[in-house]
Amino acid sequence: IHTIEHLFATMARNSGLKDHVIYFGPMGCRTGFYFLLRSAPHEQAIALIQEIIKGIAEYEGDIPGTAAAECGNYLEHNLSLAKEYAKGYYEVIRAWEPENLKYQA
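Reference entry: report on the structure contained in this document. (Residues numbered from 1 in each chain as written. Predicted model: local features only at pLDDT ≥ 70, side-chain atom pairs only at ≥ 80, totals over all residues. Heavy atoms only, no water.)

### Looking at the packing of aromatic side chains
Move 1: Taken as a whole, this structure holds five aromatic pairs when the rule is applied.
Move 2: Ring centres 4.9 Å apart and planes at 15° place the aromatic pair F24 and F33 in the stacked group.
Move 3: Exposure remark for F33: the relative accessible area of 27% places this residue in the partly exposed category.
Move 4: Through a chain of ring-to-ring contacts, three or more aromatic side chains come together here, namely F8, F24, F33 and F35. (Phe/Tyr/Trp six-rings, centres within 6.5 Å; stacked < 30°, edge-to-face > 60°. Buried < 20%, exposed > 50% of the residue type's maximum accessible area, 1.4 Å probe, protein only.)

Here it is in structure tokens:
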């Protein structure tokens, strides 16, 4: 979860929607994430999520912001597990459309 947080937040803040990004981070229960955007169409938000999750699944390199001075839980990172989770999640969201964002009553 922690590695996904660092990678997703960094990729979102460097994306074409960077000026719309308010926040990305884990839920307190650590069972999911919050991703908050300002004034971004749902189609663009979904496309960005798909792009970033696929990017995490394929990521190679250093995890940004993991120095002890930058991250209070720097020992908690696991890139291989983050990539595995991202691959599975990408399979769920790869065909998402705005209708998938609507809650069923």
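### Quick word on helix α2 (residues 42-57)
Move 1: Between its terminal C-alpha atoms α2 stretches 22 Å, which fits the 22 Å expected from 16 residues at 1.5 Å a residue.
Move 2: On its buried face, α2 is in contact with α1 (2-13), β2 (33-37) and α3 (79-93). (Helix = DSSP H or I, 4+ residues; strand = E, 2+ residues; numbered from the N terminus. Expected span 1.5 Å × (residues − 1). Contact = heavy atoms within 4.5 Å.)

### Examining the pattern of salt bridges
Move 1: A full pass over the atoms with the stated rule returns three salt bridges.
Move 2: Its salt-bridge partner being K83, residue E60 comes within 2.5 Å of it at the nearest N-O pair. Here K83 lies in helix α3 and E60 lies in the loop between α2 and α3, a separation of 23 residues in the sequence.
Move 3: A salt bridge links R94 to E91, with the shortest nitrogen-to-oxygen separation between them at 3.3 Å.
Move 4: Residue classification places R94 among the partly exposed positions, given a relative accessible area of 49%. (Salt bridge = Lys/Arg side-chain N within 4 Å of Asp/Glu carboxyl O.)

### Some words on the nonpolar core
Move 1: F8, I52, I53 and I56 are the most contacted members of the largest nonpolar core, which has 22 residues in total.
Move 2: Those elements that place two or more of their residues in this core are α1, β1 (21-26), α2 and α3.
Move 3: Per-element accounting of this core gives the leading share, six residues, to α2.
Move 4: The residues contacting I53, other than those within four sequence positions of it, are F8, A86, Y89, Y90 and I93. (Core = buried A, V, L, I, M, F, W, Y, C linked by side-chain atoms within 4.5 Å.)

### Points about a nonpolar patch on the surface
Move 1: Residues I22, Y23, Y34 and L36 make up a contiguous nonpolar surface patch of roughly 380 Å² in combined accessible area.
Move 2: Mapped by element, the contributors of at least two residues to the nonpolar patch are β1 and β2.
Move 3: Within the secondary structure, Y34 is located in strand β2.
Move 4: By relative accessible area, Y34 is classed as partly exposed at 44%. (Patch = residues over 30% accessible without salt bridge, like charges linked within 9 Å, V, L, I, M, F, W, Y side chains within 5 Å. Areas by Shrake-Rupley, 256 points an atom, 1.4 Å probe, with all protein chains shown as cover.)

Structural measurements only, silent on function.
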